[in-house]
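# Structural characterization, general
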Amino acid sequence: MKTRKLGNQGLTVSELGLGCMGMSEFYGASDEVESIATIHRALELGVTLLDTADMYGIGANEQLVGKAIKNRRDRVILATKFGIQRSEDNSFRGVNGSPEYVRQACDASLQRLDVDYIDLYYQHRVDQQVPIEETVGAMADLVKQGKVRYLGLSEAAPATIQRAHAVYPITALQSEYSLWQREPEDEILSTIRSLSIGFVPYSPLGRGFLSGQITSPDDFASDDFRRNLPRFKGENFYKNLQLVERVKEIAKEKGVTPGQLALAWLLVQGDDIVPIPGTKRRAYLEENVAAVDITFTPAELARIDEVSPKSVAAGDRYADMSTVNR
């Protein structure tokens, strides 16, 4: 596993990270034993960047990650997020970027993770009621206090990124980017590259769709949150399935899996890009990690672009898009 730099403040991570969200919520039943084994296997394979957030499982995911990295802290670049508030009944309460909440959220995350510091601390979503300068100012104070090493944003718009970076250097932006979500290529990538900010694509496998394993809406568990996402409902599902079929054809000819093709494609989009595919099973982790060895010819890249152009996916990413790209 090679490494890549995020930002120019000194953060170096594995070229592929591990998204831990699904280990605790959203994608069907959880299995703590297998999830922890998956994190341990990731570290064995050279994956150093682990990604979680305080809202995943309403804190349960941070606790799980903290348990998994006990006695392994020196091998991990630990990333977590704050800002999306939820109630005990799982309902969405809103986004909070107030300085007071930034401090409270960080202390709570440190306690759940059972660590002294967080390597990369993201604002999960931008709070439209609080100037970004105030939020990032409070985050910068956490760096000065030694509780956080580097700062990040998630799903922020170009102008917001520039304002935030003017307050304190932003090391990484985390937003959705994949073969069926190429909007970051419009303005986001050029903006962050002009500021030397790294890019961490989440859902690089299209929430598992690009793996080729999902062929029917019935493949989702009854409590799988993808059932409520526009891209996985009605006609959109079957239109998007056509994209997956084209990706599968190219992958088969190349002798790789569709998921490996999708991850390898992201990796060649720039050395400042570090995808964080999520999984809770060792077998899928090992499949994903093998993508780092895949290379493409110019002709292969052109063919992928042809079958998966911008705006190829049918449907919005979320039922409510009001908190993204702000």
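Residues numbered from 1 in each chain as written. Predicted model: local features only at pLDDT ≥ 70, side-chain atom pairs only at ≥ 80, totals over all residues. Heavy atoms only, no water.

## Comments concerning the pairing of strand 1 (residues 3–6)
So the rule is basically this: Here's how the labels work: a residue is buried when its accessible area is under 20% of the maximum for its type, exposed when over 50%, partly exposed in between, all with a 1.4 Å probe on protein chains only. Runs of H or I in DSSP of at least four residues are treated as helices and runs of E of at least two as strands, each being numbered from the N terminus. Strand pairing requires that DSSP identify at least two bridges connecting the strands.
Covered by surrounding structure in strand 1 are Arg 4 and Leu 6 only, the residues Thr 3 and Lys 5 on the alternate face being uncovered. Pairing analysis gives 4 bridges linking strand 1 to strand 2 (residues 11–14), with the strands arranged antiparallel. Each residue of the ladder has a partner; that of Lys 5, found in strand 2, is Thr 12. Where strand 1 hands over to strand 2, the hairpin turn is made up of 4 residues, of which Gly 7 adopts a positive phi near 70 degrees.

## Considerations on unusual backbone geometry
Of note, Ser 196 is a non-glycine position whose phi angle comes to about 60 degrees, a positive value. Of note, Ser 196 is situated in the loop between helix 6 (188–194) and strand 11 (198–202). Looking at Ser 196, the relative accessible area reads 35%, which means it is partly exposed.

## Regarding the packing of helix 1 (residues 32–44) against helix 2 (residues 60–68)
Put simply, the rule is: Axis lines are fitted to C-alpha atoms, over the contacting stretch for helices. Their N-to-C directions set the angle, which ranges from 0 to 180 degrees. Should an angle fall under 35 degrees it is called roughly parallel, over 145 degrees roughly antiparallel, and 65 to 115 degrees roughly perpendicular, with every other angle called oblique. Note: crossing handedness is left-handed where the near helix turns anticlockwise from the far helix by less than a right angle, and right-handed where it turns clockwise. By definition in these notes, contact holds between two residues if any of their heavy atoms fall within 4.5 Å.
One way to put it is that helix 1 packs onto helix 2 with a least axis distance of 9 Å and a crossing angle of 55 degrees. Compared by their axis directions, helix 1 and helix 2 come out oblique. Helix-helix and strand crossings are classified by hand; for helix 1 and helix 2 the assignment is right-handed. Seen from helix 1, the contacting residues are Glu 32, Ser 35, Ile 36, Ile 39 and His 40; seen from helix 2, they are Leu 64, Val 65, Lys 67 and Ala 68.

## Let's talk about the sheet that holds strand 11
A sheet is described by the order of its strands in space; here 7 strands give the open sequence 3-4-5-8-9-10-11, paired in parallel fashion. In this open sheet, the two edge strands, each paired with only one partner strand, are strand 3 (18–19) and strand 11. Bridge count for strand 5 (residues 77–82) against strand 8 (residues 118–123) is 4 bridges, and the pairing is parallel. Counterpart to Lys 81 in the pairing with strand 8 is Tyr 122.

## Points about the packing of aromatic side chains
As a reminder of what qualifies: Only Phe, Tyr and Trp rings are paired, with Trp represented by its six-membered ring, and only when their centres lie within 6.5 Å; those with planes under 30 degrees apart are stacked, over 60 edge-to-face, the remainder tilted. Comment: the charge-over-ring label is applied if NZ (Lys) or CZ (Arg) is within 6 Å of the ring centre and within 35 degrees of the ring normal.
All told, the structure shown has 9 aromatic pairs when counted by the stated rule. On the numbers, 5.1 Å between centres and 70 degrees between planes, the contact of Phe 237 with Tyr 238 is edge-to-face. Aromatic ring contacts, followed pair by pair, group Trp 180, Phe 209, Phe 220, Phe 232, Phe 237 and Tyr 238 into a single cluster. Directly above the aromatic system of Trp 180 lies the positively charged group of Arg 231, at a separation of 5.0 Å from the ring centroid.

## Comments concerning helix 8 (residues 258–267)
Taken across its 10 residues, helix 8 has 10 buried, putting it largely inside the fold. Contacts made by the buried residues of helix 8 are with strand 1, strand 11, helix 7 (234–254), helix 9 (282–289) and helix 10 (298–307).

## A closer look at the pattern of salt bridges
Once their charged atoms are close, side chains differing in charge can pair, the charge on each being opposite to the other. Which entries qualify depends on this criterion: What counts as a salt bridge is simple: a side-chain nitrogen of Lys or Arg found within 4 Å of a carboxyl oxygen of Asp or Glu.
Considering all chains together, one arrives at 22 salt bridges under this definition. Between Asp 271 and Arg 4 there is a salt bridge, with its nearest N and O atoms 3.9 Å apart. With a gap of 267 residues between them, Asp 271 in the loop between helix 8 and helix 9 and Arg 4 in strand 1 connect regions that are remote in the sequence. On the accessibility criterion, Asp 271 (61% relative accessible area) is exposed.

## Digging into helix 9
Condition: Summarising the geometry, the arc corresponds to the directions from the helix axis toward the C-beta atoms.
Buried within helix 9 we find Leu 285, Asn 288 and Val 289. Taken down its axis, helix 9 places every buried residue within 95 degrees of arc, on the same side.

## Section: the nonpolar core
To be explicit about the condition: Among buried residues, those of type Ala, Val, Leu, Ile, Met, Phe, Trp, Tyr and Cys that are joined through side-chain atoms within 4.5 Å constitute a nonpolar core.
Membership of the largest hydrophobic core comes to 101 residues, with the highest contact counts inside it found for Leu 18, Ile 39 and Leu 173. With 7 residues, helix 7 is the single largest residue contributor to this core. Beyond its immediate sequence surroundings of up to four residues, Leu 18 is in contact with Met 23, Thr 38, Ile 39, Ala 42, Val 47, Leu 49, Leu 50, Asp 51, Ile 276, Pro 277, Thr 279 and Leu 285.

## Observations concerning the side chain of Ser 175
Stated precisely, the cut-off is as follows: Pairing of N or O atoms within 3.5 Å defines a polar contact, subject to two protein rules: one partner must be a possible hydrogen donor and the other a possible acceptor, and residues neighboring in sequence count only if both atoms are side-chain atoms.
Along the polypeptide, Ser 175 turns up in strand 10 (residues 172–176). With a relative accessible area of 6%, Ser 175 lands in the buried category. A polar contact of 3.2 Å, which involves the side chain of Ser 175, links it to the backbone nitrogen of Glu 155. Excluding residues that lie within four positions of it along the chain, Ser 175 makes contacts with Ser 154, Glu 155, Ala 156, Phe 199, Val 200, Pro 201 and Tyr 202.

## With respect to the side chain of Asn 61
Among the secondary structure elements, Asn 61 is positioned in helix 2. For Asn 61, the residues in contact, after removing those within four places along its chain, are Cys 20, Met 21, Met 23, Ser 24, Thr 52 and Tyr 56.

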